[in-house]
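Here is what each chain is made of, one letter per residue.
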Amino acid sequence: MKFDTSSRAQLGMAAAALALAAGGLGYGLANWRHESPPGATAQSGRKILYWYDPMVPSQHFDKPGKSPFMDMELVPKYADEAASGETGVAIDPSRTQSLGLRIAEARTGTLGSSLAATGTIEFNERDIAIVQARTGGFVQRVYARAPGDVIGAGAPLADILVPEWAGAQAEYLAVRRIGDVGLARAARQRLLLLGMPTGTVAAVERSGRPHNVMTISAPTGGTIKTLGVRAGMTVASGQTLAEVNGLGTVWLNAAVPEAMAGRLRPGQSATATLAAYPGERFTGRIAAILPSVAAESRTLTVRIELSNRAGRLRPGMFASVDLGDAARPALLVPSEAVIRTGKRSLVMLALAQGRYRPAEVQTGAESGGQTEILAGLAEGEKIVASGQFLIDSEASLSGIEARPIGGAAPTPRPETTSNGAYRASGRIESIAGDRITLSHAPVPALKWPAMTMTFKLGSPALARGLKKGDRVVFGFDQAAEGPVVRTLSREAAR
């Protein structure tokens, strides 16, 4: 097919006309989109107050478009969101399942204070007997004993020959034969002062012969910790020959974290389990909480005294300890529902009509996946047990305040406050109708940093006589449509 020059010219003009019409339509759509003023109505029929960047919710914009802070579209703020009487984040009930939200209820239950620790069995250092020589002599015989042996009370350890006793005992027997009662009493007393046991004196009296060999015996049953006597050695008066540690009771020294020290007290019950005796539990009580803390592990030692009548608990055994006290009633919530920020603890309240709001709480003990609530919640209140971190992030971005521990919601600030609830200083960047853009100093009461943002003027007359670049002092409050300037005046010269 052939086209002459005139046909080509007509086609070119038609294409240009179409391009011009398309460009005009595109410009019109873009102009309509980017210049929709606050108060416009979205296609859904909801009234739009302003647009904002979810990452910088305090900065408000008059029209939609790209955020100057992040590469993302601005989000509209609808009038019904601000004007509704409910405070909190609104979530469509149909989306709760996709978000993984799970609701729980604060209920009064029984809390068993569970505190687990580990420790080792040790000797009871209060049950030690020291065996000493009453007088000097020579070790004539030692019995088959060694450190670590378990012996009973009265078990012989060694025989000691005491030459000094022979003459004193012979003198005593001679005085007794004379029949002088006074002298005999004095001679007997001399034997006792020489360290002779009363049993040995009685044996001399019964047999009428000297007994200068003394048998050293264990005064109590237990295990021999030290044994310092050998056959043929010379011993002095008062010399320690052995140490015997009783085994009727043992100590379980448990390492407990420093943070748990306030929950323990002497006399509190404790239960131990040992790998050597699976399924068996040994009950005792806290005898002492040692005063020092291990610097490396930040733990303190809790000494638990356990009965050991059968001698089954042996020093060095490893044990797991439950230091929980008696169960008590408490207001409980699932531990996973508590958000710990480091400065405070929060839960996410599940309100009516699909709204959610953070609430500050004071937590207590934790046991079995349940956390005790000391203040901030009432029995029967519903909270989010799963997925609450997503809602908490949205609440933080939206500037929603957490309900204080006192339980009452923050009192709404009147939108017609004459002087404004907050005061700040700044520099005027622009004035347009009932809007003023200010580069202001930090506002500590709202935890706002220094930044540039647009405020609504409570009255356009407030900006009369002011211009861009002026330093001003202004008062504002937080209204439903955003921060509203109530007072505005030029800053006094310095």
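Residues numbered from 1 in each chain as written. Predicted model: local features only at pLDDT ≥ 70, side-chain atom pairs only at ≥ 80, totals over all residues. Heavy atoms only, no water.

Novice: So what exactly am I meant to see when it comes to the sheet that holds strand β12 (residues 213-217) here?
Specialist: Across a sheet, paired strands are connected by hydrogen bonds in the backbone, their directions being either parallel or antiparallel. Pairing is antiparallel in the open sheet, where four strands are placed in the order β12-β11-β9-β14. A strand with exactly one partner marks an edge of an open sheet, and here the two such strands are β12 and β14 (234-235). In this sheet, β12 lies alongside strand β11 (residues 156-161) in antiparallel orientation, the contact comprising five bridges. Residue pairing in the sheet places A158 in a bridge with I216 of β12. (Pairing = 2+ DSSP bridges. Helix = DSSP H or I, 4+ residues; strand = E, 2+ residues; numbered from the N terminus.)

Novice: I tried to follow the sheet that holds strand β8 (residues 128-132) on my own but got confused; where do I start?
Specialist: Taken together, the four strands give an open sheet; going across it, the order is β8-β15-β13-β10, and neighbouring strands pair in antiparallel fashion. A single partner strand is all that each edge strand has here, and the edge strands are β8 and β10 (150-151). Relative to strand β15 (residues 240-245), β8 runs antiparallel, the two sharing five bridges. For V131, the partnering residue across the bridge sits in β15 and is A242.

Novice: Just checking my understanding: could you explain the nonpolar core for this structure?
Specialist: A general tendency of soluble globular proteins is for nonpolar side chains to be buried together. One finds I151, I160 and L241 to be the most contacted residues of the largest nonpolar core, which totals 27 residues. Of all the secondary structure elements, the ones that give two or more residues to this core are β11, α4 (163-178), α5 (181-193), β12, β13 (222-227) and β15. Listed in part, the 23 residues of the second largest apolar core include A270, A272, V302 and L306. (Core = buried A, V, L, I, M, F, W, Y, C linked by side-chain atoms within 4.5 Å. Buried < 20%, exposed > 50% of the residue type's maximum accessible area, 1.4 Å probe, protein only.)

Novice: Looking at this model, I keep getting lost on the environment of T215. Mind explaining?
Specialist: Tracing the sequence through the fold places T215 in strand β12. Counting along the chain gives 74 residues from T215 to R141, while the straight-line C-alpha distance between them is 9.0 Å. Beyond its immediate sequence surroundings of up to four residues, T215 is in contact with Y143, P156, A158 and D159. In terms of polar contacts, T215 uses its side chain to reach the side chain of D159, at 2.8 Å. (Contact = heavy atoms within 4.5 Å. Polar contact = N/O pair within 3.5 Å; in protein donor to acceptor, adjacent residues only side chain to side chain.)

Novice: How should I be thinking about the packing of aromatic side chains in this particular structure?
Specialist: Centre-to-centre distance and the angle between the planes together describe a pair of aromatic rings. A complete count under the given rule lists five aromatic pairs for this structure. On the basis of an interplanar angle of 40° and a centroid distance of 5.6 Å, the ring pair of Y422 and F476 is categorised as tilted. Remark: F476 occurs in strand β30 (residues 471-479) and Y422 occurs in strand β27 (residues 422-432); sequence separation between them is 54 residues. There is no split in this pair, since Y422 and F476 are both buried. Among the aromatic side chains, those forming a connected cluster through ring pairs are Y422, F455, F474 and F476. (Phe/Tyr/Trp six-rings, centres within 6.5 Å; stacked < 30°, edge-to-face > 60°.)

Novice: Teacher, can you tell me more about unusual backbone geometry here?
Specialist: Glycine aside, residues mostly have negative phi, and peptide bonds are mostly found in the trans state. Residues other than glycine seldom take positive phi values, yet R298 does so here, at roughly 55°. One can find R298 in the loop between β18 (281-294) and β19 (299-307). Using a relative accessible area of 41% as the deciding quantity, one classes R298 as partly exposed.

Novice: Help me understand the packing of α4 against helix α6 (residues 198-207), please; the structure alone is not making it clear to me.
Specialist: When two helices pack together, their arrangement is given by the angle between their axes and by how far apart the axes lie. The geometry of α4 relative to α6 is characterised by a closest axis approach of 11 Å and an angle of 50° between their N-to-C directions. One finds that α4 runs oblique with respect to α6. The way α4 lies across α6 gives a crossing that is right-handed. Between α4 and α6, the contacting residues are Q169, Y172, L173 and R176 on the first element and T200, V204 and E205 on the second. Its residues placed into classes, the contact of α4 with α6 shows three nonpolar, two polar and two charged. (Axes fitted to C-alpha atoms, helices over the stretch in contact; angles between N-to-C directions. Parallel < 35°, antiparallel > 145°, perpendicular 65-115°, else oblique. Left-handed = near helix turned anticlockwise from the far one by under 90°. Nonpolar A, V, L, I, M, F, W, Y, C, P; charged D, E, K, R; others polar.)

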